[in-house]
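# Examining the three-dimensional arrangement
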Amino acid sequence: MALPELRLAENVAGDFYVDSTCIDCDLCRQIAPETFSDIGDQSVVHHQPANVDQEFAALKALVTCPTASIGTISHRSAKAAVTAYPELIADNVYFCGFASEASYGASSYLIVRPQGNVLVDSPRFAAPLVKGVEKLGGVRLMFLTHRDDVADHQKWAGHFNAERVMHRDDIGRSLIGIERVLTRRESVQIDEDLVAIPTPGHTRGHTVLLYRDRYLFSGDHVWWSPAYKSLHASENVCWYSWPEQIRSMELLLDYQFEWVLPGHGRRVHLSSSLMHEQLEQCVTRMKQRSRAAS
């Protein structure tokens, strides 16, 4: 629970606040931008909710916060916000909320399919979310994009008897027992509507998931940047190889998609043609930064 005595001084006066345990995962700013903003390396309340919709969004941010850093002086009930997750994004794709501190607040997603649901990366194993996923048909497959965002994967896989898919190059001690291990550097059709595309760079075994040539679950490979107003990748959070990440980004130019749904960073929906243009521009900027650095 957030603690009033740790309330950041930059919060505006009022009921909602953020305390000093915030790890700057950005989710509250994505979910409730009218209420939360950043002060460099943490989030604060810049405007108290002004209506019912803003209050509900702020409570969803409170529920999602991986470090329980958001609180209310009045101890408002978040019951309705808890039951809002999984939250529909579009078609049959859902945002799970309930981020985990173990994955630094990464977003995770649920694809609801007649042939079995897919959980992309791992949220917190929270009872209300588990019940919500059960109502939508459970989980048949867990796709883990990379080692940083696995969180409570063992609990989710055990509860639903789900098969986990991950690339061999990101499997360490905490990931022993993964049921389906990818070994190739080429794309792999893991189901009729699911393609795993190895994208080494952020980590050695990073892999993205393409669903129905429309949704790209991009892990920490690429995301939408409000600051740049474009698709973006950063060398500052590249833990394996920036040249490899550039090459991996170029490979995505061979695919078609309309959505980028990342673990960290903002999601975006564009036409497939605009998305391709954005991706080309992202690759160009990455190469320019690489040349400038050398």
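So, here's what we can say about the structure.

What counts, and where the lines are drawn
Residues numbered from 1 in each chain as written. Predicted model: local features only at pLDDT ≥ 70, side-chain atom pairs only at ≥ 80, totals over all residues. Heavy atoms only, no water. Helix = DSSP H or I, 4+ residues; strand = E, 2+ residues; numbered from the N terminus. Rg over C-alpha atoms; globule rule 2.2 N^0.38 Å. Buried < 20%, exposed > 50% of the residue type's maximum accessible area, 1.4 Å probe, protein only. Contact = heavy atoms within 4.5 Å. Areas by Shrake-Rupley, 256 points an atom, 1.4 Å probe, with all protein chains shown as cover. Lys, Arg positive; Asp, Glu negative; His and termini not counted. Charge placed at Lys NZ, Arg CZ, Asp CG, Glu CD. Polar contact = N/O pair within 3.5 Å; in protein donor to acceptor, adjacent residues only side chain to side chain. Pairing = 2+ DSSP bridges. Axes fitted to C-alpha atoms, helices over the stretch in contact; angles between N-to-C directions. Expected span 1.5 Å × (residues − 1). Arc of directions from axis to C-beta. Phe/Tyr/Trp six-rings, centres within 6.5 Å; stacked < 30°, edge-to-face > 60°. Lys NZ or Arg CZ within 6 Å of the ring centre and 35° of its normal. Salt bridge = Lys/Arg side-chain N within 4 Å of Asp/Glu carboxyl O.

### Some thoughts on the overall build of the chain
Broken down by element type, the chain carries seven helices and 19 strands. Against the globule reference of 19 Å for 294 residues, the chain gives a C-alpha radius of gyration of 19 Å, in line with a compact fold. C-alpha extents for the chain along the principal axes are approximately 55 × 50 × 40 Å. A total of 294 residues make up the chain; the buried ones form 54% of that total. Considering only intrachain contacts with a sequence separation of at least 6, the fraction spanning at least 24 residues in the chain is 55%. In the structure as shown, the chain presents an accessible area of about 12900 Å², 50% of it carried by carbon and sulfur atoms. The centroid of the 29 positive side-chain charges in the chain is displaced by 2 Å from the centroid of its 36 negative side-chain charges.

### Points about the environment of Asn-117
Summarising the element assignment, Asn-117 is placed in the loop between strand S7 (109–111) and strand S8 (118–120). Along the backbone, Asn-117 and Leu-141 are 24 residues apart, and their C-alpha atoms lie at a distance of 6.5 Å. Excluding its chain neighbours within four sequence positions, the residues that come into contact with Asn-117 are Leu-110, Ile-111, Val-112, Leu-136, Gly-137, Gly-138, Val-139, Arg-140 and Leu-141. A polar contact is formed between the side chain of Asn-117 and the backbone oxygen of Gly-138, at a distance of 2.9 Å.

### Quick look at the sheet that holds S7
Ordered in space as S5-S6-S7-S8-S9-S10-S11, the seven strands form an open sheet in which the pairing is mixed. Looking at which strands have only one partner, the edges of the open sheet turn out to be strand S5 (87–90) and strand S11 (180–182). Averaged over all adjacent pairs, the angle separating strand axes in this sheet is 25°, with direction ignored. Bridge count for S8 against strand S9 (residues 141–143) is three bridges, and the pairing is parallel. Looking at S9, one finds that Val-120 is bridged to Phe-143.

### Section: helix H7 (residues 272–293)
Here H7 is 22 residues long and its end C-alpha atoms lie 32 Å apart, about the 32 Å a rise of 1.5 Å per residue gives. Among the residues of H7, Met-275, Gln-278, Leu-279, Cys-282, Val-283 and Met-286 are the ones counted as buried. One face of H7 carries all of its buried residues, which in axial projection span an arc of 140°. Summarising the geometry of H7, the exposed residues directed more than 90 degrees from the buried face are Arg-291 and Ala-292. In this structure, the buried residues of H7 make contact with strand S16 (223–225), strand S17 (230–232), helix H6 (242–251), strand S18 (259–262) and strand S19 (268–269).

### With respect to the packing of aromatic side chains
Using the criterion set out here, one finds eight aromatic pairs in the structure. Centre to centre, the rings of Tyr-85 and Phe-95 are 5.7 Å apart; their planes meet at 85°, and the pair counts as edge-to-face. Residue Tyr-85 is located in the loop between helix H3 (79–82) and S5, and its partner Phe-95 is located in strand S6 (residues 93–95); the two are separated by ten residues in the primary sequence. Just as Tyr-85 is buried, Phe-95 falls in that class too. Note on Phe-95 and Tyr-109: the rings are 6.3 Å apart at their centroids and 50° apart in plane angle, and the pair reads as tilted. One end of the pair, Phe-95, is in strand S6; the other, Tyr-109, is in strand S7, with 14 residues separating them in the sequence. By relative accessible area, which is 2% here, Phe-95 ends up buried. Joined through ring pairs, the aromatic side chains of Tyr-85, Phe-95, Phe-98, Tyr-109 and Phe-217 make up one cluster. Directly above the aromatic system of Phe-95 lies the positively charged group of Arg-267, at a separation of 5.2 Å from the ring centroid.

### Observations concerning the pattern of salt bridges
Opposite charge on two side chains permits them to pair, given that their charged atoms come into close proximity. Under the counting rule described, the total for this entry stands at 18 salt bridges. Of the charged contacts, one joins Asp-191 and Arg-113 as a salt bridge, the two residues approaching to 2.9 Å between their closest N and O atoms. Of this pair, Asp-191 sits in strand S12 (residues 188–191) while Arg-113 is found in the loop between S7 and S8, placing the two residues 78 residues apart along the sequence. By relative accessible area, Arg-113 is classed as buried at 5%. Linking Arg-184 and Glu-186 is a salt bridge whose minimum nitrogen-to-oxygen distance equals 3.3 Å. Given a relative accessible area of 44%, Arg-184 falls into the partly exposed group. Judged by relative accessible area, Glu-186 falls into the partly exposed class, the value being 45%.

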